[in-house]
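Inside the fold
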Amino acid sequence: MCLFIIGIRYIYMDLPLEMACAQYSIIANALLNGGDLYSEYWDIKPPFIFIIYAAAQLLVGYGPEQIFILSSAASIGTLLGIYFAAKHGPGGRKAGLIAALIWAIISADRTIQANYPNTEVFINCFLVWAFALLLHARQRTSNTKYFVGIGFLFAAASLFKHVNAITAAVIMLYHFYISLKSNNSFTAIRHITIVSLIGFFSWAAVFVYFYYQKRLPETWDALIIFNQEYAGDILKNILSLANFETLFPLNIFKPVSYTHLRAHETSLH
């Protein structure tokens, strides 16, 4: 499966870059040449994606090879994480192999751009390993040490996109719920505290770094203010899900002709 993942990406290595990947590559190259993130080179993503791209460029250079290395490494890392997580279920090793095979096939789908090293590819890798480690930790009596690793994995995922802090919170709430049923709620609270503190100090380190670089206002504006305005009112967004057409847009389930779209645009004007 690993050879399949590598082979598919090697075949398509010279394809034109997807827009976001091209942007990450350009910004990472600029940073390696002395550019300043968020002040000279602006983006609304946390810094980890640019660090990963910069590391790849230091390793193999600025070109298609970096895309090949990043995409292959992230997909194989996710493959191993999925196998490790799934084998903890009732199906054991067989379930792990089937889950890994499904991932290997999906991760090669060019239609959904799964073969590109976009932020989601790395997020998948860190989150699946955090979940796998959580399942592993729950089978151990002395499992607190595992939650240090889980905390860093969740923090890393959030440093690609802020929203993964919510994913981490949901998974840890699941851990608390299961622990509550087995009368281990205080242990779960300790685990949640460890994970939360690691996440907090990871983000604090980012802002402290940019503070000493005298670029904190630009960083805060890019990562916090702009994203707040971009997302809009959270409560309104949640309440909008009460609308069936918002949850399940009809355009997803049936093709819409170009003529129909043009007619709709005309009626709006």
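Residues numbered from 1 in each chain as written. Predicted model: local features only at pLDDT ≥ 70, side-chain atom pairs only at ≥ 80, totals over all residues. Heavy atoms only, no water.

From N to C terminus, the protein includes 14 helices and 0 strands. Listing every helix and strand of the protein by position from the N terminus yields α-α-α-α-α-α-α-α-α-α-α-α-α-α. For the protein, the spread of C-alpha atoms along the principal axes amounts to about 60 × 50 × 45 Å. Surface exposure of the protein reaches about 16100 Å², of which carbon and sulfur atoms provide 67%. Charged side chains of the protein number 17 positive and 14 negative; the gap between the two group centres comes to 18 Å. (Helix = DSSP H or I, 4+ residues; strand = E, 2+ residues; numbered from the N terminus. Areas by Shrake-Rupley, 256 points an atom, 1.4 Å probe, with all protein chains shown as cover. Lys, Arg positive; Asp, Glu negative; His and termini not counted. Charge placed at Lys NZ, Arg CZ, Asp CG, Glu CD.)

Let us look at the pattern of salt bridges. Enumeration according to the criterion identifies 2 salt bridges in this entry. Residue Asp36 pairs with Arg215 through a salt bridge whose shortest N-O separation is 3.9 Å. Residue Asp36 is located in the loop between helix H2 (19-32) and helix H3 (48-60), and its partner Arg215 is located in the loop between helix H9 (185-212) and helix H10 (216-231); the two are separated by 179 residues in the primary sequence. On the basis of relative accessible area, Asp36 is assigned to the partly exposed category, the value being 27%. (Salt bridge = Lys/Arg side-chain N within 4 Å of Asp/Glu carboxyl O. Buried < 20%, exposed > 50% of the residue type's maximum accessible area, 1.4 Å probe, protein only.)

Let's shift gears to H3. Here H3 is 13 residues long and its end C-alpha atoms lie 18 Å apart, about the 18 Å a rise of 1.5 Å per residue gives. When H3 is considered as a whole, its buried residues turn out to be Ile49, Phe50, Ile52, Tyr53, Ala54, Ala56 and Gln57. The inward-facing, buried residues of H3 abut H2, helix H4 (64-86) and helix H6 (119-138). Where H3 ends, the next residue or the one after it, Gly61, has phi of about 100°, a positive value. (Expected span 1.5 Å × (residues − 1). Contact = heavy atoms within 4.5 Å.)

Another point: the packing of helix H7 (residues 144-158) against H9. At a minimum axis distance of 8 Å, the contact between H7 and H9 shows a crossing angle of 40°. Pair H7 / H9 crosses with right-handed handedness. Between H7 and H9, the contacting residues are Thr144, Phe147, Val148, Ile150, Gly151, Phe152, Phe154, Ala155 and Ser158 on the first element and Arg190, His191, Ile194, Val195, Ile198, Gly199, Ser202 and Trp203 on the second. (Axes fitted to C-alpha atoms, helices over the stretch in contact; angles between N-to-C directions. Left-handed = near helix turned anticlockwise from the far one by under 90°.)

So, on to the packing of H3 against H4. At a closest axis distance of 9 Å, the pairing of H3 and H4 adopts a crossing angle of 120°. Between H3 and H4, the interaxial angle falls into the category oblique. Judged by the twist between their axes, the crossing of H3 over H4 is right-handed. Taken together, the residues of H4 that come into contact with H3 (itself represented by Ile52, Tyr53, Ala56, Gln57 and Val60) are Glu65, Gln66, Ile67, Ile69 and Leu70. (Parallel < 35°, antiparallel > 145°, perpendicular 65-115°, else oblique.)

Let us now look at the confidence of the model for the protein. Looking at the protein as a whole, its pLDDT mean stands at 84, while 90% of the residues score no less than 70. Element-level pLDDT for the protein is lowest in helix H14 (residues 258-268), with a mean of 46, against a maximum mean of 93 in H3. Within the model, pLDDT remains below 50 along residues 256-262, and this stretch shows 2 contacts once partners closer than five positions in the same chain are excluded. A low-confidence stretch, residues 264-269 (pLDDT under 50), is modelled with 0 contacts involving residues beyond four sequence positions or located in other chains. (pLDDT = per-residue confidence, 0-100.)

With that out of the way, let us pick up helix H1 (residues 2-11). Along H1, the residues classified as buried are Ile5, Ile8 and Arg9. The arc enclosing the buried residues of H1, seen along the axis, measures out at 95°, which places them on a common side. Exposed positions of H1 whose direction lies more than 90 degrees from the buried face are Leu3, Tyr10 and Ile11. Where H1 is buried, its residues contact H4 and helix H5 (92-106). (Arc of directions from axis to C-beta.)

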